[in-house]
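A closer look at the structure
So you can see what is in the structure, the chains are spelled out below.
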Amino acid sequence: SAVVEGPMDALAAAETGGIGVALMGASPPQERIDLTVKFIRDTICYVVIDSDQPASLVHVMSQLSNLGVQCRLRDPSPAKDLADLSPRQRERLLSG
């Protein structure tokens, strides 16, 4: 699964065959984090940062980890975000 900032990034993640969860912003409320945990609890979660606010999603990753989700941080640089990568680049970024 991939946790990302926006809906276009979530769609890009889903195109790779996984679950894409858009937080609808870089600093989601706790209720959104709790709901996200319900969707991804039994998966390996890739938190894909946006280059414009990387620290915010690092904080989200910490919150998810504290709630028992196994997370790995991914940086799509030099692209701005996951949606800016080609399908092949997305697959590489989100594969183990």
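For the structure, see preceding data.
Quick look at the structure, then. Everything quoted here is computed from the prediction, not taken from an experiment. (Residues numbered from 1 in each chain as written. Predicted model: local features only at pLDDT ≥ 70, side-chain atom pairs only at ≥ 80, totals over all residues. Heavy atoms only, no water.)

1. A word on the overall build of the protein chain
Heads up, the rule is: Secondary structure follows DSSP: runs of H or I at least 4 residues long count as helices, runs of E at least 2 residues long count as strands, and numbering of each begins at the N terminus. Every radius of gyration here is taken over C-alpha atoms, with the globule rule written as 2.2 Å times N^0.38, N being the number of residues.
A count of helical and extended segments in the protein chain gives four helices and four strands. The N-to-C order of helical and strand elements in the protein chain reads β-α-β-α-β-α-β-α. Relative to the globule expectation of 12 Å for 96 residues, the C-alpha radius of gyration of the protein chain, 12 Å, shows essentially globular dimensions. Expressed along its principal axes, the backbone C-alpha trace of the protein chain runs to roughly 30 × 25 × 20 Å.

2. A closer look at helix 2 (residues 30-40)
Heads up, the rule is: Exposure categories follow from relative accessible area, calculated using a 1.4 Å probe and restricted to protein chains: below 20% of the type maximum is buried, above 50% is exposed, and the middle band is partly exposed. The directions from the helix axis to the C-beta atoms form the arc being described. In what follows, residue pairs with any heavy atoms lying within 4.5 Å of each other are defined as contacts.
For helix 2, the complete set of buried residues consists of Ile33, Thr36, Val37 and Ile40. Relative to the axis of helix 2, the buried residues are bounded by an arc of 105° and lie together on one face. Along helix 2, the residues that are exposed and aim more than 90 degrees away from the buried face are Glu31, Lys38 and Phe39. Elements in contact with the buried residues of helix 2: strand 1 (2-4), strand 2 (20-22), strand 3 (44-48) and helix 3 (54-66).

3. Regarding the side chain of Asp9
Going by this rule: Residues scored as charged are limited to Lys and Arg (positive) and Asp and Glu (negative), so that His and the chain ends carry no count. For this analysis, a salt bridge means a side-chain nitrogen from Lys or Arg found within 4 Å of a carboxyl oxygen belonging to Asp or Glu.
Summarising the element assignment, Asp9 is placed in helix 1 (residues 7-14). Lys80 is the oppositely charged side chain nearest to the buried, salt-bridge-free Asp9, at an N-O distance of 5.8 Å. When neighbours within four sequence positions are excluded, Asp9 is seen to be in contact with Val4, Asp50, Asp81, Leu82 and Ala83.

4. Observations regarding the environment of Glu15
Position of Glu15 among the secondary structure elements: in the loop between helix 1 and strand 2. Given the relative accessible area of 58%, Glu15 is considered exposed. C-alpha separation for the pair Glu15 and Pro76, spaced 61 residues apart in sequence, amounts to 16 Å.

5. Quick notes on unusual backbone geometry
Trans is the prevailing form of peptide bonds, just as negative phi is the prevailing case for residues other than glycine. For the bond from Ser77 to Pro78, the omega torsion is 10°, close enough to zero to count as cis. Mapped onto the secondary structure, Pro78 falls in the loop between strand 4 (70-74) and helix 4 (87-93).

6. Looking at the pattern of salt bridges
Counted by the stated rule, this structure contains three salt bridges. In this structure, the salt-bridge partner of Glu15 is Arg90, at a minimum N-O distance of 2.7 Å. Of the two residues, Glu15 is situated in the loop between helix 1 and strand 2 and Arg90 in helix 4; the sequence distance between them amounts to 75 residues. Classification of Arg90 as buried rests on a relative accessible area of 9%. A salt bridge links Asp50 to Lys80; its shortest N-O distance comes to 3.2 Å. Placement of Asp50 in the loop between strand 3 and helix 3 and of Lys80 in the loop between strand 4 and helix 4 is noted, with a sequence separation of 30 residues between them.

Functional significance is not addressed by these values, which are geometric in nature.
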